[in-house]
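# Fold and geometry: a report
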Amino acid sequence: MQPNILVINPGSTSDDIGYYRGEKAVFEVTVRYSITDLEPYEGKNVTEQIPLRRKLILDYLIDHNVPLEEIHAVIGRGGFIRSVEGGVYAVNDQMVHDLQSGRYGGIHPCNLGGILAREIAQYAHCPSFIANPVVIDEMQPLARYSGMPENPRLSIFHALNQKRVARLISEKTERKYEEINCIVCHGGGGISVGAHKRGKVIDVSNGYEGDGPMTPQRSGSVPGAYLADMCYSGKYTRQDIHLKMRGKGGLVAYTGTSDVKDLEEFISTGKKRPGSLINCSPQQAKEAVDAMIYQVSKEIGAQAVVLEGDVDFIALTGGLMFSKYIPLEIARQVDWIAPIYVFPGSEEKDALRDAARRALQDPSIIKHYS
(Lines give C-alpha, C1' and ligand atoms only; values in the text may rest on other atoms or scores of the structure.)
Protein backbone atom coordinates (compact mmCIF):
# COMPACT_ATOMS: atom_id res chain seq x y z
CA MET A 1 0.00 0.00 0.00
CA GLN A 2 1.29 3.47 -0.92
CA PRO A 3 1.49 5.94 2.01
CA ASN A 4 -0.56 9.10 2.47
CA ILE A 5 1.73 12.14 2.42
CA LEU A 6 1.28 15.88 3.03
CA VAL A 7 3.82 18.11 1.23
CA ILE A 8 4.54 21.72 2.27
CA ASN A 9 6.74 24.03 0.17
CA PRO A 10 6.62 27.60 1.57
CA GLY A 11 7.54 30.74 -0.37
CA SER A 12 7.77 34.38 0.60
CA THR A 13 4.14 35.17 -0.33
CA SER A 14 2.68 31.72 -0.99
CA ASP A 15 2.59 28.09 0.08
CA ASP A 16 2.73 25.26 -2.45
CA ILE A 17 0.98 22.35 -0.75
CA GLY A 18 -0.27 18.94 -1.80
CA TYR A 19 -1.87 15.94 -0.20
CA TYR A 20 -1.54 12.49 -1.71
CA ARG A 21 -3.64 9.51 -0.71
CA GLY A 22 -1.47 6.76 -2.08
CA GLU A 23 -0.90 7.54 -5.75
CA LYS A 24 -3.90 9.88 -5.94
CA ALA A 25 -3.51 13.63 -5.48
CA VAL A 26 -6.37 14.73 -3.22
CA PHE A 27 -5.37 18.36 -3.78
CA GLU A 28 -2.41 20.31 -5.15
CA VAL A 29 -2.62 24.05 -4.69
CA THR A 30 -0.48 27.17 -4.54
CA VAL A 31 -2.00 29.47 -1.95
CA ARG A 32 -1.01 33.12 -2.37
CA TYR A 33 -1.21 35.48 0.57
CA SER A 34 -2.56 38.97 -0.01
CA ILE A 35 -0.92 42.18 1.18
CA THR A 36 -3.68 42.37 3.80
CA ASP A 37 -2.83 38.85 5.04
CA LEU A 38 0.85 39.67 5.46
CA GLU A 39 0.55 43.29 6.63
CA PRO A 40 0.49 42.39 10.37
CA TYR A 41 3.85 40.62 9.91
CA GLU A 42 5.67 43.38 8.05
CA GLY A 43 9.15 43.94 9.50
CA LYS A 44 8.86 40.86 11.72
CA ASN A 45 10.63 37.51 11.67
CA VAL A 46 8.99 35.29 9.03
CA THR A 47 8.44 32.59 11.68
CA GLU A 48 5.75 34.87 13.14
CA GLN A 49 3.63 33.73 10.18
CA ILE A 50 3.55 30.11 11.38
CA PRO A 51 0.03 30.31 12.93
CA LEU A 52 -1.41 31.89 9.76
CA ARG A 53 0.11 29.29 7.46
CA ARG A 54 -0.59 26.35 9.77
CA LYS A 55 -4.29 27.28 9.96
CA LEU A 56 -4.54 27.56 6.19
CA ILE A 57 -3.04 24.09 5.68
CA LEU A 58 -5.28 22.53 8.32
CA ASP A 59 -8.31 24.23 6.75
CA TYR A 60 -7.43 22.69 3.37
CA LEU A 61 -7.28 19.25 4.96
CA ILE A 62 -10.70 19.80 6.56
CA ASP A 63 -12.20 21.16 3.31
CA HIS A 64 -11.05 18.02 1.48
CA ASN A 65 -12.27 15.63 4.18
CA VAL A 66 -8.78 14.48 5.16
CA PRO A 67 -8.73 13.17 8.74
CA LEU A 68 -5.39 13.83 10.42
CA GLU A 69 -5.12 10.25 11.62
CA GLU A 70 -4.85 8.92 8.05
CA ILE A 71 -1.69 10.92 7.26
CA HIS A 72 1.42 8.74 7.32
CA ALA A 73 4.02 11.53 7.00
CA VAL A 74 4.40 15.28 6.56
CA ILE A 75 7.39 16.63 4.66
CA GLY A 76 8.46 20.25 4.24
CA ARG A 77 11.00 22.03 2.11
CA GLY A 78 14.35 22.21 3.91
CA GLY A 79 15.71 25.60 4.95
CA PHE A 80 18.91 27.12 6.31
CA ILE A 81 20.31 24.68 8.83
CA ARG A 82 23.84 23.45 9.46
CA SER A 83 25.48 22.18 6.27
CA VAL A 84 24.55 18.52 5.78
CA GLU A 85 24.86 15.74 3.24
CA GLY A 86 21.99 15.12 0.87
CA GLY A 87 19.15 12.87 1.96
CA VAL A 88 15.96 12.68 4.00
CA TYR A 89 16.11 14.08 7.54
CA ALA A 90 13.70 13.60 10.43
CA VAL A 91 12.67 16.97 11.86
CA ASN A 92 13.79 17.17 15.49
CA ASP A 93 14.05 19.80 18.23
CA GLN A 94 17.56 20.89 17.22
CA MET A 95 16.51 21.42 13.61
CA VAL A 96 13.45 23.45 14.60
CA HIS A 97 15.61 25.59 16.89
CA ASP A 98 18.11 26.29 14.10
CA LEU A 99 15.35 27.07 11.58
CA GLN A 100 13.68 29.49 14.00
CA SER A 101 16.88 31.22 15.10
CA GLY A 102 18.35 31.72 11.64
CA ARG A 103 21.82 30.96 13.02
CA TYR A 104 22.84 29.41 9.69
CA GLY A 105 22.24 31.83 6.82
CA GLY A 106 19.45 33.85 8.38
CA ILE A 107 15.67 33.53 8.22
CA HIS A 108 14.24 32.61 4.82
CA PRO A 109 10.65 31.53 4.00
CA CYS A 110 11.94 28.03 3.20
CA ASN A 111 12.81 27.72 6.91
CA LEU A 112 9.07 27.45 7.55
CA GLY A 113 8.86 24.09 5.75
CA GLY A 114 10.40 21.96 8.48
CA ILE A 115 8.67 23.88 11.27
CA LEU A 116 5.20 23.54 9.71
CA ALA A 117 5.81 19.87 8.90
CA ARG A 118 6.73 19.16 12.53
CA GLU A 119 3.75 21.03 13.98
CA ILE A 120 1.15 19.41 11.72
CA ALA A 121 2.75 15.97 12.12
CA GLN A 122 2.39 16.33 15.90
CA TYR A 123 -1.36 16.82 15.42
CA ALA A 124 -1.44 13.78 13.12
CA HIS A 125 0.87 11.64 15.31
CA CYS A 126 3.10 10.82 12.35
CA PRO A 127 6.74 11.43 11.33
CA SER A 128 7.91 14.73 9.84
CA PHE A 129 10.77 15.16 7.38
CA ILE A 130 12.71 17.54 5.21
CA ALA A 131 14.77 16.44 2.20
CA ASN A 132 17.78 17.82 0.36
CA PRO A 133 17.74 21.33 1.88
CA VAL A 134 19.46 24.26 0.16
CA VAL A 135 22.52 23.87 2.41
CA ILE A 136 23.50 20.39 1.24
CA ASP A 137 27.28 20.27 1.26
CA GLU A 138 28.92 17.40 -0.62
CA MET A 139 31.70 19.48 -2.17
CA GLN A 140 35.11 17.95 -2.63
CA PRO A 141 37.94 19.67 -0.71
CA LEU A 142 39.48 21.48 -3.68
CA ALA A 143 36.11 23.09 -4.51
CA ARG A 144 36.08 24.94 -1.18
CA TYR A 145 39.13 27.06 -1.97
CA SER A 146 38.29 30.65 -2.86
CA GLY A 147 41.70 32.25 -2.54
CA MET A 148 40.76 33.68 0.87
CA PRO A 149 40.95 31.24 3.82
CA GLU A 150 38.55 33.48 5.77
CA ASN A 151 36.01 33.36 2.96
CA PRO A 152 35.69 29.80 1.60
CA ARG A 153 33.30 28.83 -1.18
CA LEU A 154 30.01 27.56 0.24
CA SER A 155 27.44 25.08 -1.01
CA ILE A 156 24.02 26.74 -1.16
CA PHE A 157 21.93 25.76 -4.17
CA HIS A 158 18.67 24.38 -5.53
CA ALA A 159 19.52 20.95 -4.17
CA LEU A 160 16.00 19.54 -3.99
CA ASN A 161 15.16 20.16 -7.64
CA GLN A 162 18.66 19.44 -8.95
CA LYS A 163 18.80 16.00 -7.36
CA ARG A 164 15.20 15.18 -8.31
CA VAL A 165 15.77 15.99 -12.00
CA ALA A 166 19.10 14.13 -12.05
CA ARG A 167 17.41 11.09 -10.54
CA LEU A 168 14.51 11.23 -13.03
CA ILE A 169 16.81 11.40 -16.04
CA SER A 170 18.95 8.59 -14.66
CA GLU A 171 15.84 6.42 -14.38
CA LYS A 172 14.79 7.32 -17.93
CA THR A 173 18.16 6.10 -19.16
CA GLU A 174 17.82 2.95 -17.01
CA ARG A 175 20.62 3.83 -14.62
CA LYS A 176 20.83 4.79 -10.97
CA TYR A 177 21.63 8.36 -9.90
CA GLU A 178 24.45 6.93 -7.78
CA GLU A 179 26.05 5.46 -10.91
CA ILE A 180 26.17 8.49 -13.23
CA ASN A 181 27.96 11.81 -13.66
CA CYS A 182 25.93 14.80 -14.79
CA ILE A 183 25.67 18.58 -14.73
CA VAL A 184 22.41 20.18 -13.61
CA CYS A 185 21.55 23.85 -14.13
CA HIS A 186 18.58 25.24 -12.19
CA GLY A 187 17.54 28.61 -13.58
CA GLY A 188 15.09 30.91 -11.80
CA GLY A 189 15.52 34.17 -9.91
CA GLY A 190 18.80 32.57 -8.87
CA ILE A 191 20.86 30.16 -10.96
CA SER A 192 22.94 27.26 -9.66
CA VAL A 193 25.02 24.85 -11.72
CA GLY A 194 26.15 21.63 -10.06
CA ALA A 195 28.55 18.80 -10.91
CA HIS A 196 26.92 15.55 -9.76
CA LYS A 197 29.32 12.63 -9.41
CA ARG A 198 27.97 9.22 -8.40
CA GLY A 199 25.16 10.70 -6.29
CA LYS A 200 27.14 13.58 -4.75
CA VAL A 201 27.24 17.25 -5.82
CA ILE A 202 31.01 17.66 -5.62
CA ASP A 203 31.04 21.28 -6.85
CA VAL A 204 28.32 23.86 -7.41
CA SER A 205 27.94 27.57 -8.01
CA ASN A 206 26.36 29.28 -5.01
CA GLY A 207 23.28 30.81 -6.61
CA TYR A 208 22.18 32.40 -3.34
CA GLU A 209 25.27 34.32 -2.28
CA GLY A 210 26.34 35.77 -5.65
CA ASP A 211 28.64 33.08 -7.05
CA GLY A 212 28.68 31.88 -10.65
CA PRO A 213 26.65 33.37 -13.53
CA MET A 214 24.51 36.47 -13.30
CA THR A 215 20.78 35.76 -13.05
CA PRO A 216 17.52 37.66 -13.50
CA GLN A 217 17.96 39.13 -9.99
CA ARG A 218 21.55 38.43 -8.88
CA SER A 219 24.93 39.74 -9.93
CA GLY A 220 26.84 36.48 -9.86
CA SER A 221 30.62 36.67 -9.52
CA VAL A 222 31.95 40.22 -9.92
CA PRO A 223 35.44 41.79 -9.99
CA GLY A 224 36.50 41.81 -6.35
CA ALA A 225 38.80 44.85 -6.18
CA TYR A 226 36.22 47.24 -7.61
CA LEU A 227 33.52 45.76 -5.37
CA ALA A 228 35.73 46.56 -2.37
CA ASP A 229 36.17 50.11 -3.67
CA MET A 230 32.38 50.46 -3.97
CA CYS A 231 31.91 49.24 -0.40
CA TYR A 232 34.22 51.95 0.97
CA SER A 233 33.28 54.74 -1.44
CA GLY A 234 30.67 56.22 0.88
CA LYS A 235 28.07 56.07 -1.91
CA TYR A 236 26.46 52.84 -0.79
CA THR A 237 25.23 51.32 2.45
CA ARG A 238 25.79 47.69 3.33
CA GLN A 239 22.17 47.03 2.33
CA ASP A 240 22.71 48.77 -1.03
CA ILE A 241 25.61 46.45 -1.83
CA HIS A 242 23.68 43.35 -0.81
CA LEU A 243 20.77 44.43 -3.03
CA LYS A 244 23.13 44.91 -5.95
CA MET A 245 24.32 41.35 -5.41
CA ARG A 246 20.92 39.78 -4.70
CA GLY A 247 17.63 41.42 -5.63
CA LYS A 248 18.68 44.25 -7.93
CA GLY A 249 21.59 42.64 -9.73
CA GLY A 250 21.80 40.77 -13.04
CA LEU A 251 19.07 41.45 -15.59
CA VAL A 252 17.33 43.90 -13.24
CA ALA A 253 20.45 46.08 -13.15
CA TYR A 254 20.85 46.08 -16.94
CA THR A 255 17.23 46.19 -18.11
CA GLY A 256 15.08 47.31 -15.18
CA THR A 257 13.25 43.99 -14.81
CA SER A 258 13.77 40.34 -13.91
CA ASP A 259 10.70 39.27 -15.92
CA VAL A 260 12.31 37.21 -18.68
CA LYS A 261 9.00 36.63 -20.47
CA ASP A 262 8.47 40.39 -20.65
CA LEU A 263 12.01 40.89 -21.92
CA GLU A 264 11.67 38.24 -24.64
CA GLU A 265 8.41 39.76 -25.85
CA PHE A 266 10.03 43.21 -25.91
CA ILE A 267 13.05 41.87 -27.80
CA SER A 268 10.88 40.23 -30.46
CA THR A 269 8.29 43.01 -30.92
CA GLY A 270 10.04 46.17 -29.76
CA LYS A 271 6.94 47.02 -27.70
CA LYS A 272 6.58 47.17 -23.93
CA ARG A 273 3.62 45.82 -22.02
CA PRO A 274 1.53 48.29 -20.00
CA GLY A 275 3.30 48.78 -16.68
CA SER A 276 6.55 47.22 -17.89
CA LEU A 277 9.65 48.13 -15.88
CA ILE A 278 12.02 47.77 -18.86
CA ASN A 279 14.27 50.83 -19.15
CA CYS A 280 16.50 49.92 -22.11
CA SER A 281 16.32 49.34 -25.86
CA PRO A 282 15.44 45.95 -27.39
CA GLN A 283 19.07 45.58 -28.52
CA GLN A 284 20.36 46.23 -25.01
CA ALA A 285 17.82 43.80 -23.56
CA LYS A 286 18.90 41.05 -25.96
CA GLU A 287 22.56 41.57 -25.18
CA ALA A 288 21.89 41.35 -21.42
CA VAL A 289 19.91 38.11 -21.82
CA ASP A 290 22.62 36.72 -24.10
CA ALA A 291 25.27 37.68 -21.52
CA MET A 292 23.40 35.69 -18.86
CA ILE A 293 23.17 32.69 -21.20
CA TYR A 294 26.88 33.04 -22.01
CA GLN A 295 27.79 32.99 -18.32
CA VAL A 296 25.56 29.98 -17.63
CA SER A 297 27.12 28.09 -20.53
CA LYS A 298 30.60 28.99 -19.30
CA GLU A 299 29.74 27.66 -15.82
CA ILE A 300 28.47 24.40 -17.34
CA GLY A 301 31.79 24.12 -19.15
CA ALA A 302 33.65 24.68 -15.88
CA GLN A 303 31.68 21.91 -14.17
CA ALA A 304 32.51 19.61 -17.09
CA VAL A 305 36.17 20.16 -16.16
CA VAL A 306 35.32 19.26 -12.54
CA LEU A 307 34.01 15.93 -13.87
CA GLU A 308 37.12 15.59 -16.08
CA GLY A 309 34.96 15.39 -19.19
CA ASP A 310 33.10 12.29 -18.00
CA VAL A 311 29.56 13.69 -18.29
CA ASP A 312 26.59 11.42 -19.00
CA PHE A 313 24.11 14.28 -19.51
CA ILE A 314 23.35 17.93 -18.87
CA ALA A 315 19.97 18.86 -17.36
CA LEU A 316 18.39 22.32 -17.69
CA THR A 317 15.58 22.97 -15.22
CA GLY A 318 13.76 25.77 -13.35
CA GLY A 319 11.40 28.51 -14.45
CA LEU A 320 13.84 30.04 -16.97
CA MET A 321 13.62 26.89 -19.06
CA PHE A 322 10.01 27.66 -20.02
CA SER A 323 11.62 30.17 -22.37
CA LYS A 324 11.76 29.07 -26.00
CA TYR A 325 15.09 30.84 -26.45
CA ILE A 326 17.21 30.32 -23.33
CA PRO A 327 17.49 26.49 -23.21
CA LEU A 328 18.02 26.28 -26.96
CA GLU A 329 20.81 28.83 -26.82
CA ILE A 330 22.47 27.16 -23.84
CA ALA A 331 22.23 23.81 -25.63
CA ARG A 332 23.79 25.31 -28.77
CA GLN A 333 26.83 26.32 -26.73
CA VAL A 334 27.30 23.19 -24.61
CA ASP A 335 25.74 20.19 -26.38
CA TRP A 336 29.21 19.11 -27.52
CA ILE A 337 29.85 18.15 -23.89
CA ALA A 338 26.96 15.70 -23.39
CA PRO A 339 23.30 15.11 -24.30
CA ILE A 340 20.89 17.82 -23.11
CA TYR A 341 17.63 17.24 -21.21
CA VAL A 342 15.23 20.10 -20.49
CA PHE A 343 12.84 19.96 -17.52
CA PRO A 344 11.06 23.34 -17.33
CA GLY A 345 9.79 24.47 -13.95
CA SER A 346 10.37 22.81 -10.61
CA GLU A 347 10.00 19.23 -9.46
CA GLU A 348 10.18 20.25 -5.79
CA LYS A 349 6.75 19.02 -4.67
CA ASP A 350 7.19 15.66 -6.41
CA ALA A 351 10.73 15.44 -5.00
CA LEU A 352 9.46 15.93 -1.46
CA ARG A 353 6.66 13.42 -1.90
CA ASP A 354 9.08 10.83 -3.32
CA ALA A 355 11.57 11.44 -0.49
CA ALA A 356 8.89 10.87 2.19
CA ARG A 357 7.66 7.75 0.42
CA ARG A 358 11.19 6.30 0.28
CA ALA A 359 11.76 7.14 3.97
CA LEU A 360 8.58 5.36 5.04
CA GLN A 361 9.35 2.32 2.91
CA ASP A 362 12.99 2.10 4.07
CA PRO A 363 13.51 3.83 7.44
CA SER A 364 17.23 3.01 7.28
CA ILE A 365 17.74 5.92 4.85
CA ILE A 366 16.39 8.51 7.36
CA LYS A 367 19.17 10.75 8.64
CA HIS A 368 19.22 12.46 12.02
CA TYR A 369 20.20 16.11 12.42
CA SER A 370 22.42 17.26 15.25
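About the thresholds
Residues numbered from 1 in each chain as written. Predicted model: local features only at pLDDT ≥ 70, side-chain atom pairs only at ≥ 80, totals over all residues. Heavy atoms only, no water. Buried < 20%, exposed > 50% of the residue type's maximum accessible area, 1.4 Å probe, protein only. Helix = DSSP H or I, 4+ residues; strand = E, 2+ residues; numbered from the N terminus. Contact = heavy atoms within 4.5 Å. Pairing = 2+ DSSP bridges. Axes fitted to C-alpha atoms, helices over the stretch in contact; angles between N-to-C directions.

Turning our eyes to something else, we now look at helix H11 (residues 326-334). Three- or four-residue spacings in an α-helix give side chains the same orientation, since the helix completes a turn every 3.6 residues. Within H11 the residues assigned to the buried category are Ile-326, Pro-327, Glu-329, Ile-330, Ala-331 and Val-334. Looking at the packing, one finds that the buried side of H11 touches helix H9 (260-269), helix H10 (282-306), strand E10 (313-318) and strand E11 (340-344).

Now for the pairing of strand E1 (residues 4-10). Successive residues of a regular strand alternate their side chains across the two faces of the sheet. Of all seven residues that make up E1, seven are buried, and the element is covered over most of its length. Here E1 shows two buried faces, one formed by Asn-4, Leu-6, Ile-8 and Pro-10 and the other by Ile-5, Val-7 and Asn-9. As paired elements, E1 and strand E2 (residues 14-21) share seven bridges and run antiparallel to each other. Looking at E2, one finds that Ile-8 is bridged to Ile-17. Counting the residues in the hairpin turn of E1 and E2 gives three residues. For E1 and strand E4 (residues 73-77), the ladder comprises four bridges, and the chain directions are parallel. For Ile-8, the partnering residue across the bridge sits in E4 and is Gly-76.

With respect to burial, E2 is a largely interior element, six of its eight residues being buried. Here E2 pairs with strand E3 (residues 24-32) via eight bridges, running antiparallel. Counted as the bridge partner of Gly-18 is Glu-28 from E3. Linking two consecutive strands that pair antiparallel, namely E2 and E3, is a turn of two residues; a positive phi of about 65 degrees is found at Gly-22 within it.

What follows concerns the sheet that holds strand E8 (residues 191-197). In space, the five strands of this open sheet follow the order E9-E8-E7-E10-E11, with mixed pairing throughout. Both outer strands of the open sheet, strand E9 (200-204) and E11, are each paired with one neighbouring strand and no more. This sheet shows a mean twist of 25 degrees between the axes of neighbouring strands, independent of strand direction. Pairing analysis gives four bridges linking E8 to E9, with the strands arranged antiparallel. The residue bridging Lys-197 from the neighbouring strand is Lys-200, located in E9.

Don't take any of this as a statement about function, it's just geometry.
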